[in-house]
Amino acid sequence: DIQMTQSPASLSASIGDRVTITCRASQGIGIYLNWYQQKPGRAPKVLIYAASTLQSGVPSRFSGSGSGTDFTLTISSLQAEDFATYYCQQSRSTPYTFGQGTKLGIK
Amino acid sequence: QLQLQESGPGLVKPSETLSLTCTVSGASIISSGFYWGWIRQPPGKGLEDVGTVYYNGGSYYNPSLKSRLTISLDTSRNRFSLRLTSVTAADTAVYFCVSLTRGDFGPIDSWGQGTQVTVSS
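Residues numbered from 1 in each chain as written. Chains lettered and ligands numbered in written order. Predicted model: local features only at pLDDT ≥ 70, side-chain atom pairs only at ≥ 80, totals over all residues. Heavy atoms only, no water.

Caption draft 1: Geometry of the overall build of chain B. Within chain B, the regular secondary structure consists of zero helices and eleven strands. Reading the secondary structure of chain B in the N-to-C direction produces β-β-β-β-β-β-β-β-β-β-β. In terms of C-alpha radius of gyration, chain B reaches 14 Å, essentially the compact-globule figure of 14 Å for 121 residues. Along the first, second and third principal axes, the C-alpha atoms of chain B reach 40 × 30 × 25 Å. A buried classification covers 50% of the 121 residues belonging to chain B. Taking contacts inside chain B between residues at least 6 apart in sequence as the whole, the part at least 24 apart equals 53%. When the accessible surface of chain B is split by element, carbon and sulfur atoms take 47% of a total near 5400 Å². The distance from the centre of the 9 positive side-chain charges to the centre of the 8 negative ones in chain B is 5 Å. (Helix = DSSP H or I, 4+ residues; strand = E, 2+ residues; numbered from the N terminus. Rg over C-alpha atoms; globule rule 2.2 N^0.38 Å. Buried < 20%, exposed > 50% of the residue type's maximum accessible area, 1.4 Å probe, protein only. Contact = heavy atoms within 4.5 Å. Areas by Shrake-Rupley, 256 points an atom, 1.4 Å probe, with all protein chains shown as cover. Lys, Arg positive; Asp, Glu negative; His and termini not counted. Charge placed at Lys NZ, Arg CZ, Asp CG, Glu CD.)

Caption draft 2: Highlighting the overall build of chain A. Scanning chain A from terminus to terminus reveals zero helices and ten strands. Reading chain A from its N terminus to its C terminus gives the helix and strand order β-β-β-β-β-β-β-β-β-β. Relative to a compact globule of 107 residues, whose C-alpha radius of gyration would be 13 Å, chain A shows 13 Å and is just as compact. Each of the three principal axes of chain A carries a C-alpha extent, and together these read 35 × 25 × 25 Å. Here chain A holds 107 residues, and 46% of them are scored as buried. Put simply, of all contacts in chain A between residues at least 6 apart along the chain, 56% involve residues at least 24 apart. When the accessible surface of chain A is totalled, it reaches about 4800 Å², and 46% of it is carbon and sulfur. Charge-centre separation for chain A: the mean point of 9 positive side chains lies 3 Å from the mean point of 5 negative side chains.

Caption draft 3: Expanded view of the pairing of strand β8 (residues 79-84) of chain B. Residue and element names in this part refer to chain B. Here strand β3 (residues 18-25) runs beside β8; their pairing, made up of six bridges, is antiparallel. Within β8, the residue paired with L20 across the bridge is L82. Alignment of strand β7 (residues 69-74) against β8, held across six bridges, turns out to be antiparallel. Looking at β8, one finds that I71 is bridged to L82. Between β7 and β8, which pair antiparallel one after the other, the connecting turn spans four residues, and N78 there sits at a positive phi close to 50°. (Pairing = 2+ DSSP bridges.)

Caption draft 4: Broad picture of the pattern of salt bridges. Residue and element names in this part refer to chain B. All chains considered together, the criterion is met by eight salt bridges over all chains. Note that R79 is salt-bridged to D74, the shortest N-O span being 3.2 Å. Sharing partners across several salt bridges, the network here consists of R40, E48, R68 and D91. (Salt bridge = Lys/Arg side-chain N within 4 Å of Asp/Glu carboxyl O.)

Caption draft 5: Geometry of the sheet that holds β7(B). Residue and element names in this part refer to chain B. Strand order in the open sheet formed by four strands is β1-β3-β8-β7, and the pairing between neighbours is antiparallel. At either end of the open sheet lies a strand with only one pairing partner, and these are β1 (3-7) and β7. Across the sheet, the axes of successive neighbouring strands diverge by a mean angle of 20°, strand direction being ignored. (Axes fitted to C-alpha atoms, helices over the stretch in contact; angles between N-to-C directions.)

Caption draft 6: Focus on the nonpolar core. Counting residues in each nonpolar core, the largest one holds 26 residues, and the members touching the most others are L18(B), W36(B), W38(B), L82(B) and Y95(B). Those elements giving two or more residues to this core turn out to be β3, β4 (35-41), β5 (48-54), β7, β8, β9 (93-100) and β11 (115-119) of chain B. Counting residues per element, this core draws most heavily on β3(B), at four residues. Judged by nonpolar contacts, the second largest core, of 24 residues, contains A25(A), I29(A), A51(A) and L73(A). (Core = buried A, V, L, I, M, F, W, Y, C linked by side-chain atoms within 4.5 Å.)

Caption draft 7: Structural detail: the sheet that holds strand β3 (residues 19-25) of chain A. Residues and elements named next belong to chain A. An order of β1-β3-β8-β7 is seen for the four strands of this open sheet, with the pairing classed as antiparallel. Each end of this open sheet is capped by a strand with a single partner; those strands are β1 (4-7) and β7 (62-67). In this sheet, adjacent strand axes meet at a mean angle of 15° when their direction is disregarded. Where β1 lies against β3, four bridges are found, and the strand directions are antiparallel. Paired with T5 across the two strands is R24, which belongs to β3.

Caption draft 8: Structural detail: the interface of chain B and chain A. On the side of chain A, 20 residues touch chain B, which itself brings 20 residues to the contact. Regarding the contact of chain B and chain A, the summed buried area is about 1600 Å², with carbon and sulfur atoms giving 63% of it. When residues of chain B are sorted by the area they lose upon contact with chain A, L47(B), F105(B) and W111(B) head the list and together hold 37% of the total. Remark: the boundary between chain B and chain A carries zero salt bridges. (Buried area = accessible area lost by both parts, 1.4 Å probe.)

Structure below.
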């Protein structure tokens, strides 16, 4: 299985901050990396797919980059509704493994 | 708009079989290139890919569950199902049914609301 490692595991930030979350794959996955947001008691939803493509309806303050083994999710200016847990997931090969999550909290 | 809804028992006894169903609306489960899967999330933990059934009936299962798992299509009712045998407390989780409509390498683009399954006597 491809192992996905996210950092940091948790993060505190303020409204308006720029935030970056990183994800590393244990082997090259091309651009087959997706980012999800999950709020408590809710199902995750996709934000970014294919490393950098913004899902329809997702605000443009979210962006993704990377290829191969190293990827980043950036939120350019944090809003109140962005406090949640974020997961990366590789879709290069089955099983489609997830990172352990990054919990983004309010400072 | 594609919608998914899980159904099944919330409590299963150890060593018994867990059966869940996901009813799909807004698309046919035999639409070419569409994949249908299950993701689970143990309490307070991250997400685990359980397995997927393809629009043509093919499937793959997480190797850690493969010996106990079956995922299948019910085309007459436009739904798909999960069957996990010999459950233990480690199978306690919220189970989400999901769709992948962009084919190979695509993201999970729709999720059910999730159903809590507890394994306990």
